[in-house]
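A closer look at the structure
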Amino acid sequence: MTGDVYPVPAEIAENALLNNEQYLEMYNKSVEDPDGFWGEHGKRIDWIKPYTTVKNTSYDYHNVSIKWFEDGTLNVAANCIDRHLAERGDQPAIIWEGDEPDQSKTITYKQLSDAVNRFANVLLTNGVKKGDRVTVYMPMIPEAAYAMLACARIGAVHSVVFGGFSPDSLAGRIEDCSSRFVITADEGVRGGRTVPLKENTDRAIEKCGNVDKVFVVKRTGGNINMTEGRDLWYHEEIEKVSADCPPAEMNAEDPLFILYTSGSTGQPKGVMHTSGGYLVYASMTHQYVFDYHPGEVYWCTADVGWVTGHSYILYGPLANGATTLMFEGVPTYPTAGRFWEVCDKHNVNIFYTAPTAIRALMGAGDEHVTNTSRKSLRILGSVGEPINPEAWMWYHNVVGEQRCPIVDTWWQTETGGILITPLPGATDLKPGSATRPFFGIQPAIVDAEGNFQEGATEGNLVITDSWPGQMRTVYGDHERFVQTYFATYKGLYFTGDGCRRDEDGYYWITGRVDDVINVSGHRMGTAEVESALVAHPDVSEAAVVGYPHDVKGQGIYAYVTLMEGLEPSEELKKKLVKHVRAEIGPIASPDLIQFAPSLPKTRSGKIMRRILRKIAEDSFENLGDTSTLADPTVVGDLIDNRQNRA
Ligand code: WTA
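What you are looking at is a predicted structure, and each value in this text was computed from that prediction instead of being measured.

1. Brief notes about the site of the ligand
Taken together, the neighbourhood of the ligand is formed by 17 residues, with Asp408, Thr409, Thr413, Asp497 and Arg523 sitting nearest. At a separation of 2.7 Å, a nitrogen atom of the ligand approaches a polar backbone atom of threonine 409. Take threonine 413: an N or O atom from its side chain is 2.5 Å from an oxygen atom of the ligand. Here the ligand, which alone exposes 530 Å², has 96% of that area covered by the protein. Considering only residue class, the shell around the ligand consists of six nonpolar, six polar and five charged.

Structure below.
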């Protein structure tokens with residue numbers, strides 16, 4: 001092995017579900033005989049009618065089609081709840097930790113069953129039918145989980161929208177999937193501050209119309225408007241229905257959820273996942289990647305508004321009968337010790353978070369960590385962006401006291417579950433590497449022309465064949481699905497990520513190679529931020545790129561050309577930041593704005609982003625060939641007025 005290597009610790013090896021030999025044997029079987037492998041592992045969930053076919057997938061550019069277990073039927077909520085009741089009805093399913101440290105509660109599988117059945121009946125009595133889309137715009141409270149599972153129980157398709165998104169973004173997502181139902185709360189609470197979710201919902205509905213019912217959970221009791229005939233209090237409605245709602249029999253390929261995510265171009269796409277393959281893959285990855293043993297307390301710090309929350313707070317853990325912790329707050333409230341205090345309070349065994357949180361806490365000082373015991377911790381996880389070796393080492397040494405393996409899990413909204421990752425008992429670790437493929441995953445590295453690169457190499461990451469958790473389509477736009485993922489390299493799924501493979505066959509994700517940036521682990525399309533900026537009356541043109549940011553991973557750097565006659569000012573910068581927050585949400589706030597009299601363009605009018613990226617990175621010594629620019633002199637001005645002097 002080359003580079004710094006951290007072997008599997010002895011105590012982990014002793015009890016781990018899989019060792020290296022078993023991993024290799026299973027992996028080989030999974031790629032040599034996918035039908036046999038998944039035919040067997042598909043049985044890990046309960047089917048109403050068992051499948052007789054397993055894999056039916058085509059990456060052929062002219063006929064992209066992905067189906068798994070297609071003649072089987074099941075209910076996802078029944079798999080996450082009902083089948084555990086006999087054996088672990090009184091075991092905690094969800095441990096909820098509120099924003100304030102003195103707020104927490106435990107929901108057993110029996111209680112979860114009661115809550116989800118009632119919520120499902122509330123949806124049914126208010127006209128929600130199988131196949132209907134339901135928008136969920138919620139804070140991190142147990143009712144968010146009940147809402148999603150209630151949809152799954154009756155076969156409605158949830159579309160969760162992150163509570164940090166603006167009314168405009170919410171409206172766009174309601175409209176795109178023509179959802180007539182919204183589930184929200186009066187207000188959310190994060191880091192001691194309230195978020196006006198119901199008010200945002202009202203404003204969104206003003207824009208998009210066509211919403212029949214809004215179900216409102218009371219979280220804070222704050223002052224809100226309820227629209228007669230449209231808005232219903234959750235706590236009142238659940239009293240009117242029974243706690244028995246038979247699960248709908250769904251086909252494996254019936255949609256389970258839509259989740260909007262950013263891409264290179266245009267508005268966010270509705271990534272569509274279906275029921276059977278998704279659940280098999282989410283539950284199997286959750287078990288093996290985190291080496292989950294029954295009875296353990298597992299905590300993923302993501303928000304249910306992102307795919308990580310879907311697969312690894314909710315569906316994977318609950319399908320496995322696990323205890324999953326759901327945290328309403330933020331890592332630094334009331335202090336930077338919060339994560340570790342919660343680990344001690346609830347005896348967390350497995351902890352899964354994002355590099356941006358690790359970097360922020362690393363900067364706050366070791367004493368916040370070392371003041372706590374953390375003796376329950378066994379496995380640590382990382383997701384969302386490349387983890388830099390310094391952050392990895394701190395996580396390993398200070399948080400995990402060198403006894404907890406770190407699983408650096410690479411995956412995407414589109415992939416439904418983890419694709420490249422270590423397994424705690426099987427994989428020697430290298431800081432910064434996501435290491436090796438999970439079962440059934442065949443990664444490859446191609447050059448710009450799509451030629452496969454062998455051995456130790458670097459290039460673009462593709463996956464050569466399907467796995468059960470893969471997205472099936474872009475909701476309402478299959479052609480966009482094909483064009484986005486299968487057109488760049490025909491016959492291959494293109495991830496949009498750059499990647500290096502070392503001599504040991506380990507994969508190192510180097511970051512996006514398209515116009516997507518990754519800000520604090522949140523995906524953001526530069527095109528979305530640009531279109532928000534140019535929607536402002538003072539802006540004539542805008543170009544947005546990422547630049548390295550110590551805590552966020554990448555920051556948002558915006559080049560803005562003002563309308564004729566307008567003078568740049570600090571005040572105008574603030575106005576534009578505020579405008580973008582209102583259009584998209586706080587996560588899209590530009591970190592740096594540079595007013596530019598003009599942008600570097602080719603003679604055909606295409607903005608040369610390569611140049612803008614370099615200037616934003618403060619590394620403009622080697623800008624490459626600028627002679628093809630329509631006006632090469634603009635570059636000097638851009639460099640002179642650059643905002644990031646790192
Ligand atoms: C990035 C989040 C490096 C990557 C689950 C990917 C990562 C994008 C890792 C997907 C990782 C995620 N190492 N990069 N362990 N995990 N990424 O859809 O660029 O929000 O394409 O899914 O995050 O982001 P998404």
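Following the structure, the description resumes.
2. Things to note about the sheet that holds strand E8 (residues 181-185)
The mixed open sheet is built from eight strands, whose spatial order is E12-E11-E8-E6-E7-E14-E15-E23. Either end of the sheet is taken by a strand with one partner, and the two such strands are strand E12 (231-233) and strand E23 (473-474). The strands that helix H7 (residues 142-154) touches are strand E6 (133-137), strand E7 (157-160), E8, strand E11 (213-217) and strand E14 (255-261); relative to E7, the one it contacts most, it runs at about 150 degrees. Against the sheet, helix H9 (residues 197-208) makes contact with E6, E8, E11 and E12, and its axis sits at roughly 155 degrees relative to E8, the strand it touches most.

3. Considerations on the confidence of the model for the protein
Residues of the protein with pLDDT of at least 70 account for 100%, and the chain-wide mean is 97. Predicted complex metrics record ipTM = 1.00 and pTM = 0.97.

4. Notes on the nonpolar core
Ranked by internal contacts, the top residues of the largest apolar core, which has 158 residues, are Leu112, Tyr315 and Phe439. Considering each element in turn, this core owes the most residues, 10 residues, to H7. Ignoring any residue separated from it by four or fewer positions in sequence, one finds phenylalanine 439 in contact with Leu18, Tyr23, Met26, Tyr27, Ser30, Phe37, Trp38, Tyr281, Met284, Tyr288 and Leu423.

5. Comments concerning the environment of isoleucine 556
Along the polypeptide, isoleucine 556 turns up in strand E29 (residues 553-562). A relative accessible area of 0% places isoleucine 556 in the buried class.

6. Focus: the domain arrangement of the protein
Interface size, as often reported, equals the accessible area lost upon joining of the parts. Assigned domains within the protein: domain 1 (80-251) and domain 2 (520-641). The gap between the C-alpha centroids of domain 1 and domain 2 is 38 Å. Listed per partner, the contact involves six residues of domain 1 and seven residues of domain 2. Between domain 1 and domain 2 the total buried area reaches about 470 Å² when both faces are included, carbon and sulfur atoms providing 51% of it. When residues of domain 1 are sorted by the area they lose upon contact with domain 2, Phe165, Ser166 and Asp168 head the list and together hold 55% of the total.

7. Remarks on the pattern of salt bridges
Evaluation of the coordinates by the stated rule reveals 36 salt bridges. Here arginine 83 ties to aspartate 46 by a salt bridge, and the two come within 3.6 Å at their closest N and O atoms. Highlighted residues: arginine 83 in the loop between helix H4 (76-80) and helix H5 (85-88) and aspartate 46 in the loop between helix H3 (34-41) and strand E1 (55-58), separated in sequence by 37 residues. Using a relative accessible area of 41% as the deciding quantity, one classes aspartate 46 as partly exposed. In this structure, lysine 345 and glutamate 97 form a salt bridge, with 2.9 Å as the shortest nitrogen-oxygen distance. On the criterion of sequence distance, the pair formed by lysine 345 in helix H13 (residues 338-346) and glutamate 97 in strand E4 (residues 92-97) is long-range, its members being 248 residues apart. Judged by its relative accessible area of 38%, lysine 345 falls in the partly exposed class. Assessed through its relative accessible area of 1%, glutamate 97 is described here as buried. The structure contains a network of salt bridges with shared partners spanning Lys198, Asp202, Arg230 and Asp231.

What counts and how
Residues numbered from 1 in each chain as written. Predicted model: local features only at pLDDT ≥ 70, side-chain atom pairs only at ≥ 80, totals over all residues. Heavy atoms only, no water. Near = heavy atom within 4 Å. Polar contact = N/O pair within 3.5 Å; in protein donor to acceptor, adjacent residues only side chain to side chain. Areas by Shrake-Rupley, 256 points an atom, 1.4 Å probe, with all protein chains shown as cover. Nonpolar A, V, L, I, M, F, W, Y, C, P; charged D, E, K, R; others polar. Pairing = 2+ DSSP bridges. Helix = DSSP H or I, 4+ residues; strand = E, 2+ residues; numbered from the N terminus. Contact = heavy atoms within 4.5 Å. Axes fitted to C-alpha atoms, helices over the stretch in contact; angles between N-to-C directions. pLDDT = per-residue confidence, 0-100. Core = buried A, V, L, I, M, F, W, Y, C linked by side-chain atoms within 4.5 Å. Buried < 20%, exposed > 50% of the residue type's maximum accessible area, 1.4 Å probe, protein only. Domains from an automatic or database assignment. Buried area = accessible area lost by both parts, 1.4 Å probe. Salt bridge = Lys/Arg side-chain N within 4 Å of Asp/Glu carboxyl O.

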